[in-house]
Amino acid sequence: SARIPLQGFEPSSENRRIAKKHDGVFQKKRIPVSEFNTADEAFVIFCLDYFKARHGDAMPRERFEFILSLNLITYIVVYEKESQIVGYVFEVSDAHMTHFWYSFYDLAYLRQSLGLWLMLDSIRDAKESGQEYFYLGTAYGEKGLYKTNFEPLEFWTGAGWSNDIKILKELCRKD
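For the structure given in this document, a descriptive report is provided here. (Residues numbered from 1 in each chain as written. Predicted model: local features only at pLDDT ≥ 70, side-chain atom pairs only at ≥ 80, totals over all residues. Heavy atoms only, no water.)

## Thoughts on the overall build of the protein chain
At step 1: Along the protein chain, the regular secondary structure elements total 5 helices and 8 strands.
At step 2: Sequence-ordered secondary structure for the protein chain, helices as α and strands as β, is β-α-β-α-α-β-β-β-α-β-β-β-α.
At step 3: Its C-alpha radius of gyration of 16 Å places the protein chain within 12% of the 16 Å reference for a compact globule of 175 residues.
At step 4: For the C-alpha atoms alone, the extent of the protein chain along its principal axes is close to 45 × 35 × 35 Å.
At step 5: Here the protein chain holds 175 residues, and 45% of them are scored as buried.
At step 6: Counted over contacts in the protein chain with a minimum sequence separation of 6, partners at least 24 positions apart contribute 66%.
At step 7: Looking at the protein chain as shown, the accessible area adds up to about 9,600 Å², and 50% of this sits on carbon and sulfur atoms. (Helix = DSSP H or I, 4+ residues; strand = E, 2+ residues; numbered from the N terminus. Rg over C-alpha atoms; globule rule 2.2 N^0.38 Å. Buried < 20%, exposed > 50% of the residue type's maximum accessible area, 1.4 Å probe, protein only. Contact = heavy atoms within 4.5 Å. Areas by Shrake-Rupley, 256 points an atom, 1.4 Å probe, with all protein chains shown as cover.)

Written out as structure tokens, the structure is:
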């Protein structure tokens, strides 16, 4: 697991580069999950298609529906451009933290680092709202290296939180 202590967060040069590409381009709505129609077939298909294209068969419909049924998600953040859905983010949050649980987005934006920007946008919102921590989820494998673009970053070692990003990068590359 990886997290950002938000008090010390400042966008890196890479974060600022990505922000310039996407800030102000999308309309955003943060909707309490209790007010969101999670059974809407277009929403379900959008998310499942994204996940299958990016991660293979790791998210069958049954797992997706199970995740939605857990009552852990507090907000679904909807991103649109010209009234077209561009992406969704599942957030779990309380007064002290936000966990960026899942994101799903239009793969036309894959090479434009939209996924990184969605996370950055959520981080900035969490910091602005006065939260202490932002949890980025797991950081393992080559696919998890992008999370090291955020500073300060800590990761769970199994015994405690470490900020030795060199070790985290080595672990990701070896996984």
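## Here we look at the side chain of His 22
At step 1: For His 22, the location among the structural elements is in helix H1 (residues 13-22).
At step 2: Ignoring anything within four residues of it in the chain, the contact list for His 22 reads Tyr 109, Gln 112, Ser 113, Leu 114 and Trp 117.

## Thoughts on the side chain of Arg 3
At step 1: Within the secondary structure, Arg 3 is located in strand S1 (residues 2-5).
At step 2: What makes Arg 3 buried here is its relative accessible area of 10%.
At step 3: A polar contact of 3.1 Å, which involves the side chain of Arg 3, links it to the side chain of Tyr 135.
At step 4: Within the local environment of Arg 3, its side chain forms a polar contact with the side chain of Glu 154, the two groups lying 2.6 Å apart. (Polar contact = N/O pair within 3.5 Å; in protein donor to acceptor, adjacent residues only side chain to side chain.)

## Re the environment of Ser 93
At step 1: Tracing the sequence through the fold places Ser 93 in strand S4 (residues 84-93).
At step 2: Distance from Ser 93 to Ile 4, taken between C-alpha atoms, is 14 Å for residues 89 residues apart in sequence.
At step 3: Ignoring sequence-local partners within four residues, the contact set of Ser 93 consists of Thr 74, Tyr 75, Thr 98 and Gln 131.

## Examining helix H2 (residues 41-55)
At step 1: Over its 15 residues, H2 runs 20 Å from end to end, which matches the ideal 21 Å to within 8%, given 1.5 Å per residue.
At step 2: Residues of H2 that are buried include every one of Phe 43, Val 44, Phe 46, Cys 47, Leu 48, Tyr 50 and Phe 51, and no others.
At step 3: Against helix H3 (61-69), strand S3 (75-81), S4 and strand S5 (97-105) lie the buried residues of H2.
At step 4: Just past H2, the residue Gly 56 takes up positive phi, approximately 75 degrees. (Expected span 1.5 Å × (residues − 1).)

## Considering the sheet that holds strand S8 (residues 161-162)
At step 1: The strand order S2-S3-S4-S5-S6-S1-S7-S8 describes an open sheet built from 8 strands, whose pairing is mixed. Among the strands making up the open sheet, the edge pair consists of strand S2 (27-32) and S8.
At step 2: Most of the contacts of H3 go to S5, to which it runs at about 150 degrees, and overall it touches S4 and S5. (Pairing = 2+ DSSP bridges. Axes fitted to C-alpha atoms, helices over the stretch in contact; angles between N-to-C directions.)

## Some points on the environment of Lys 29
At step 1: Tracing the backbone shows Lys 29 in strand S2.
At step 2: Residue class for Lys 29 comes out partly exposed when judged on its relative accessible area of 41%.
At step 3: Non-local contacts of Lys 29, meaning those with residues more than four positions away in its chain, are made with Ile 76, Val 77, Val 78 and Glu 80.

## Describing the packing of H1 against helix H4 (residues 114-128)
At step 1: Packing of H1 against H4 brings their axes to within 9 Å, and their N-to-C directions diverge by 100 degrees. Judged by the inter-axis angle, H1 sits roughly perpendicular to H4. Taken together, the residues of H4 that come into contact with H1 (itself represented by Glu 14, Asn 15, Ile 18, Ala 19 and His 22) are Leu 114, Leu 116, Trp 117, Leu 120 and Arg 124.
At step 2: Of the residues contributing to the contact of H1 with H4, the split by class is 6 nonpolar, 2 polar and 2 charged. (Parallel < 35°, antiparallel > 145°, perpendicular 65-115°, else oblique. Nonpolar A, V, L, I, M, F, W, Y, C, P; charged D, E, K, R; others polar.)

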